[in-house]
Amino acid sequence: MNLHHLKVFLAVAESGSISAGAERLHISQPAVTREVRELEARLGIPLFDRQPRGVTLTEGGLRLHRYAQRIFALEQAAEADLRSFAGLDDGELRLGASATLGSYLLPDLIARFHARHPEIRVDLQVSNTREITQALADERIALGFVEGDFDRASHAFSLLERDRLLPVCGPGHPLATRGRLHAAELADQALYLREEGSGTRASIEQAYARQGLEARPRMAIASTEALKRLVRDGQGIAWLSQRVIEDDLAAGRLQALEVHDLRIEREMHLLWHPTRTLSPAPAAFLAMILDKK
């Protein structure tokens, strides 16, 4: 039994005659008669009693009619659901972002997207670059926003912006009132870094290594906000995104240090899988970001 047989059967059953069923389906009466006979032969039972004016359902036909109604109601529901999904009236947007992007860039983008497509459910995972790229590979997220290195051969990507990391300390730190510093002077200070796998930490370690220095963390913390608070209240230093500390610098809660021989910049990227088709919601979110650029 196939859906075409069933569709012809339902048209005849609900219209009451072969000719009316043919008219509903826009096919010939002989074609309808042939389809009904093939279905009856396949099932091994008669489905209609032929009357002088039209047809009536046999007991077997009545049983099949109930199933046919449910099957085609489900077909219509599936089509309506997919149209809603494609039209962004329903669906889910699963994103992953490293700390700076997740806290300072994504909220505005998500708000803009929600204003356009309020029915889409958004789930944002904030973690480090290594975990975000793994989540993308595992298909737990559709789009990833990272500020660290990634395997460019394994991802489709777009550059979002460039960001500068600044060395900062609390206003009471001995270096807070110093002028220009050498990178080697920072190497002797207590250094607070993000955890292993963080793109920010990788950028700092690579920049130190280029100067022949080693970034030895006094403490590793998986939270940018905790790092800011620790440095502000303690005696160590940290390299933090310029975007993240603008308010703290303006309010005097943190002091930026001037290091003339060490400048750390990094690129922030949007990633997606190069060979998997994006569903409508992440495709629309990606288009919104790329159109803005």
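Residues numbered from 1 in each chain as written. Predicted model: local features only at pLDDT ≥ 70, side-chain atom pairs only at ≥ 80, totals over all residues. Heavy atoms only, no water.

Caption draft 1: Expanded view of the pattern of salt bridges. Throughout the structure, instances matching the rule amount to 22 salt bridges. Here Glu267 makes a salt bridge to Arg152, at a shortest N to O gap of 3.4 Å. With Glu267 in strand β11 (residues 264–272) and Arg152 in the loop between β5 (143–146) and β6 (156–169), the pair connects residues that are 115 residues apart, well separated along the chain. With its nearest N and O atoms 3.0 Å apart, the salt bridge here joins Lys228 to Asp248. Separated by 20 residues along the polypeptide, Lys228 in helix α10 (residues 224–233) and Asp248 in helix α11 (residues 242–251) bring together distant segments of the chain. Each member of the pair, Lys228 as well as Asp248, is classed as buried. Through salt bridges with shared partners, a single network forms among Glu225, Lys228, Asp248 and Arg253. (Salt bridge = Lys/Arg side-chain N within 4 Å of Asp/Glu carboxyl O. Helix = DSSP H or I, 4+ residues; strand = E, 2+ residues; numbered from the N terminus. Buried < 20%, exposed > 50% of the residue type's maximum accessible area, 1.4 Å probe, protein only.)

Caption draft 2: Structural view of the packing of helix α1 (residues 3–15) against helix α4 (residues 59–86). The interhelical angle for the contact between α1 and α4, taken along N-to-C directions, is 115 degrees, at an axis separation of 10 Å. With respect to α4, the element α1 is oriented roughly perpendicular. The two elements α1 and α4 meet at a crossing, and its hand is left-handed. Seen from α1, the contacting residues are Leu3, Leu6, Lys7, Phe9, Leu10, Ala13 and Glu14; seen from α4, they are Gly61, Leu64, His65, Ala68, Gln69, Ile71 and Phe72. (Axes fitted to C-alpha atoms, helices over the stretch in contact; angles between N-to-C directions. Parallel < 35°, antiparallel > 145°, perpendicular 65-115°, else oblique. Left-handed = near helix turned anticlockwise from the far one by under 90°. Contact = heavy atoms within 4.5 Å.)

Caption draft 3: Structural detail: a nonpolar patch on the surface. On the surface, a cluster of nonpolar side chains totalling about 250 Å² of accessible area is made up of Met1, Leu43 and Ile45. Given the relative accessible area of 36%, Leu43 is considered partly exposed. (Patch = residues over 30% accessible without salt bridge, like charges linked within 9 Å, V, L, I, M, F, W, Y side chains within 5 Å. Areas by Shrake-Rupley, 256 points an atom, 1.4 Å probe, with all protein chains shown as cover.)

Caption draft 4: How the structure looks around the side chain of His65. Checked against the element boundaries, His65 lands in helix α4. Overall, His65 belongs to the buried group, its relative accessible area being 15%. Beyond its immediate sequence surroundings of up to four residues, His65 is in contact with Phe9, Leu10, Ala13, Glu14 and Leu57.

Caption draft 5: Up close: the UniProt feature "domain: HTH lysR-type" (unreviewed entry) in the chain. In the numbering used here, UniProt assigns the "domain: HTH lysR-type" (unreviewed entry) feature to residues 1–58. End C-alpha to end C-alpha, residues 1–58 measures 18 Å, and it is 62% helix and 14% strand. (UniProt positions renumbered as here; feature names shortened; annotations may be inferred.)

Caption draft 6: Local environment of α11. The set of residues buried in α11 consists of Val244, Ile245 and Asp248. Along α11, the residues classed as buried sweep out an arc of 55 degrees about the axis, all on the same side. Turned more than 90 degrees from where α11 packs its buried face, Asp247 and Ala250 sit exposed. Buried residues in α11 make contact with α5 (99–104), β6, α10 and β9 (237–241). Where α11 begins, one side-chain oxygen reaches toward the backbone nitrogen of Arg243, 3.1 Å away; that side chain belongs to Ser241. Gly252 sits one or two residues past α11 and shows a positive phi near 80 degrees. (Arc of directions from axis to C-beta. Polar contact = N/O pair within 3.5 Å; in protein donor to acceptor, adjacent residues only side chain to side chain.)

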